[in-house]
Amino acid sequence: VFFYVFVSMVSGQSVYVNSYYLTLYAWVTNSVIAAIAWFQKDLGRYYVITHPSVYQVGRLNRYMNGKAIAKMCLRALLHATVLIVIVFFTFPLTGDLTTLGIMA
């Protein structure tokens, strides 16, 4: 989404117009993720009780402090930049927007 405006050369244009469609789409996609998060058990009850060191990362706040979140955001920006560079070198933009069929 960060590079969408730069690539499409259109500013402020909404992707979807119908708000009901957006609401239904967001609900359907989020319900699958929420169901997996609610019902998934990656560790059994006995294992968690016998090995309490599994939850040390959460207690010591290793992944939710400011430094870790900043590193994750920078890594995501780096990945997005690498992907957009790959797209630009794979599909070079030749011609103007009228010849590409983007604008009438």
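Position numbers for residues start from 1 in each chain and track the written sequence from start to end. Local features are withheld for residues below a pLDDT of 70 in this predicted model, meaning they are given only at 70 or higher, and side-chain atom pairs are given and counted only at 80 or more; totals for whole chains, interfaces and linings count all residues. Values shown for side chains rest on all heavy atoms present in the structure; no hydrogens or waters enter the calculation.

Novice: Hey, could you run me through the overall build of the chain in this one?
Specialist: By definition, any uninterrupted DSSP run of H or I lasting at least four residues is a helix, any uninterrupted run of E lasting at least two residues is a strand, and each is numbered from the N terminus. A tally of regular secondary structure across the chain gives six helices and zero strands. Going residue by residue from the N terminus, the α and β elements of the chain occur as α-α-α-α-α-α. In the chain, buried positions account for 5% of the 104 residues. Partly exposed residues are those whose accessible area sits between 20% and 50% of the maximum for their type, while under 20% is buried and over 50% is exposed, using a 1.4 Å probe and protein chains only.

Novice: Please clarify how a nonpolar patch on the surface should be interpreted in this entry.
Specialist: Here, patches come from residues exposed beyond 30% relative accessible area and free of salt bridges, joined within 9 Å for like charges and within 5 Å for nonpolar side chains (Val, Leu, Ile, Met, Phe, Trp, Tyr). Accessible surface is estimated by sampling points in the Shrake-Rupley manner with a 1.4 Å probe; for residues, cover comes only from the protein chains shown. Note on definitions: salt bridges are taken to be side-chain nitrogens of Lys or Arg within 4 Å of carboxyl oxygens of Asp or Glu. The grouping of Tyr63, Met64, Ile69 and Met72 at the surface amounts to a nonpolar patch, some 450 Å² of accessible area in total. Locating Ile69 in the fold gives a position in helix 5 (residues 66–90).

Novice: Please clarify how unusual backbone geometry should be interpreted in this entry.
Specialist: Note on backbone geometry: most residues besides glycine have negative phi, and most peptide bonds are trans. For Asn61, which is not a glycine, the phi torsion comes out positive at approximately 60°. Mapped onto the elements of the fold, Asn61 is located in the loop between helix 4 (56–59) and helix 5. Relative accessible area serves as the criterion here: at 38%, Asn61 is assigned to the partly exposed category.

Novice: Even after reading the chapter, I still don't get the environment of Ile69, so can you show me in this structure?
Specialist: Among the residues examined, Ile69 registers a relative accessible area of 36% and is labelled partly exposed. Pairs of residues are marked as contacts when any of their non-hydrogen atoms sit within 4.5 Å. Filtering out sequence-adjacent residues up to four positions away, Ile69 remains in contact with Tyr63 and Met64.

That's the geometry; what it means functionally is another story.
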